[in-house]
Amino acid sequence: MENSYIPTLAFILLFNITTLTSSTPFFNSTRDQLALISVKNTITSDPRGLLTTNWSTHTPVCNWIGVTCSVKNHRVTALNISHFDLSGTIAPHIGNLTFLRSLDLSFNNFTDTIPSDLSNLRRLEELHTGANAFSGGIPPSLFNITSLQILDMGYNFLNGDIPEEVGNLSSLQVFNLGYNNLTGSVPRGVFNVSSLVEIILRNNNLSNYIPSDICNNTPILRIISFSGNQLSGKIPATIWKCRELEALFLSSNHLNGSIPGEIGSLSKLSKLLLGINNLEGMLNFII
């Protein structure tokens, strides 16, 4: 009679253990810890010993340098390892930090490609990978993170076209891909994002025209920085619709035609660079 209870008891124990490990803060923080340890293991140089001495399984992950956790569930919500002088690559396991809202990897010496696994971070609002040595193309899947507000990937060696899927980022405010090796056209889709404040694509190898509807759906756009590319055609006459524009940088391209007089109606414009183009006419207003 006693033996008939053994399978039932075993099931209850298994159920309780499974429930405990899948819902408790301990399990959740352990999952994040494993992801961060994988990130640490692909770092080949840590000259200041910041991760080597601090990211230890003997201390809670929420106490690690560069790590911020939520109070409620102890999940990692921010990772800031900028200016740590780190070298190496970024492990795809970083995509397991699914509660992450801010990721800052900038000003290090990371190489190789930007992992497409970052697209698993569906809560991410800020992504900073600038001032590294990342190469390869921009993973189109990144533009499925519709919560992104800041995407800063400047000063790397990224190449290929800018995915048109950038237009999916309905909350995007800052879009910085400056100082890379990107080719193709300025993506039209980004100018359908009404929350856009800054777009910085300077010093790449972008060609073709500046979209004529650049200001039709961007009412709070303040900075347009396209200098140092191979853009051709005319400056859109509809530039006057960017009423909040403070800086317009279009120098060192192959633009031609007349300088639109409509630029003079931009009352908040304080910085204007149009030199080293094939433009005609004169500015009849003072910046």
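Everything numeric here is computed off the predicted structure, so don't read it as measured data.

*Asks:* Help me understand the packing of aromatic side chains, please; the structure alone is not making it clear to me.
*Replies:* Here a ring pair, both rings aromatic, is described through the centre-centre distance and the interplanar angle of the planes. Counted under the stated rule, the structure contains three aromatic pairs. Ring centres of Trp-55 and Trp-64 lie 5.3 Å apart, and the angle between their planes is 25 degrees; this geometry places the pair in the stacked category. For the residue pair Trp-55 and Trp-64, the accessibility class agrees, reading buried in each case. Measuring from ring centre to ring centre gives 4.3 Å for Tyr-155 and Tyr-179, while their planes differ by 10 degrees; the resulting arrangement is stacked. Remark: Tyr-179 occurs in the loop between β11 (174–176) and β12 (181–183) and Tyr-155 occurs in the loop between β9 (150–152) and β10 (157–161); sequence separation between them is 24 residues. A relative accessible area of 30% places Tyr-179 in the partly exposed class.

*Asks:* Mind showing me how you'd approach the state of the cysteines here?
*Replies:* Between two cysteines, a covalent bond joining their sulfur atoms is known as a disulfide. By the definition in use, this model includes two disulfides. Paired by a disulfide, Cys-62 and Cys-69 hold their sulfur atoms 2.2 Å apart. On the sign convention where negative is left-handed, the bridge of Cys-62 and Cys-69, at about -100 degrees about the S-S bond, is left-handed. Covalent S-S linkage joins Cys-215 and Cys-242, the inter-sulfur distance amounting to 1.9 Å. The sign of the -100 degrees torsion about the S-S bond sets the Cys-215-Cys-242 disulfide as left-handed. A residue pair is termed long-range when its members are at least 10 positions apart, and Cys-215 in the loop between β14 (207–209) and β15 (223–225) and Cys-242 in the loop between β16 (230–233) and β17 (247–249) qualify at 27 residues. For the protein chain, the bonded cysteines connect in the pattern 1-2, 3-4 when numbered consecutively along the sequence.

*Asks:* Explanation requested: the nonpolar core in the structure shown.
*Replies:* General note: in soluble globular proteins, nonpolar side chains tend to be found buried as a group. Within the largest apolar cluster, 74 residues are counted, with the highest numbers of intra-cluster contacts made by Leu-79, Phe-175, Ile-199 and Phe-226. When contributions to this core are tallied by element, the ones reaching two or more residues are α2 (25–41), α3 (50–54), β2 (67–69) and β3 (76–80). The element that contributes the greatest number of residues to this core is α2, accounting for four residues. Leaving out residues up to four positions away in the same chain, Ile-199 has contacts with Phe-175, Val-190, Phe-191, Leu-221, Ile-223, Ile-224, Ser-225 and Phe-226.

*Asks:* Help me out: how do you make sense of the pairing of β3 in this one?
*Replies:* The side chains of a regular strand alternate, residue by residue, between the two faces of the sheet. Among the five residues of β3, four are classified as buried, and the element is accordingly described as predominantly covered. In terms of strand pairing, β2 meets β3 through three bridges, oriented antiparallel. From the neighbouring strand, Cys-69 faces β3, where its bridge partner is Val-76. Pairing between β3 and strand β5 (residues 102–104): three bridges, direction parallel. Paired with Asn-80 across the bridge in β5 is Asp-104.

*Asks:* Just checking my understanding: could you explain the confidence of the model for the protein chain for this structure?
*Replies:* Do not read the fine detail of predicted coordinates wherever pLDDT is low. Residue-level pLDDT values for the protein chain average 90, and 88% of them are 70 or greater. Every residue in residues 1–27 is under pLDDT 50, and counting partners more than four places away or in other chains gives six contacts.

*Asks:* Please explain the sheet that holds β12 as it appears in this structure.
*Replies:* Either a parallel or an antiparallel arrangement is found when strands of a sheet pair, and the pairing is made through backbone hydrogen bonds. Taken together, the three strands give an open sheet; going across it, the order is β8-β10-β12, and neighbouring strands pair in parallel fashion. Of all the strands in the sheet, the pair left with one neighbour each is β8 (135–136) and β12. Judged from the three bridges that link them, β10 and β12 form a sheet pairing that is parallel. In the sheet register, Gly-160 faces β12, and the bridge partner there is Leu-182.

*Asks:* Looking at this model, I keep getting lost on the environment of Ser-171. Mind explaining?
*Replies:* Structurally, Ser-171 can be placed in the loop between β10 and β11. Placed 22 residues apart in sequence, Ser-171 and Gln-149 show a C-alpha to C-alpha distance of 5.3 Å. In this view, Ser-171 contacts Thr-146, Ser-147, Leu-148, Gln-149 and Ser-195; residues no more than four positions away in its chain are not counted.

Reading the values: the criteria
- Residues numbered from 1 in each chain as written.
- Predicted model: local features only at pLDDT ≥ 70, side-chain atom pairs only at ≥ 80, totals over all residues.
- Heavy atoms only, no water.
- Phe/Tyr/Trp six-rings, centres within 6.5 Å; stacked < 30°, edge-to-face > 60°.
- Buried < 20%, exposed > 50% of the residue type's maximum accessible area, 1.4 Å probe, protein only.
- Helix = DSSP H or I, 4+ residues; strand = E, 2+ residues; numbered from the N terminus.
- Disulfide = S-S within 2.5 Å.
- Core = buried A, V, L, I, M, F, W, Y, C linked by side-chain atoms within 4.5 Å.
- Contact = heavy atoms within 4.5 Å.
- Pairing = 2+ DSSP bridges.
- pLDDT = per-residue confidence, 0-100.

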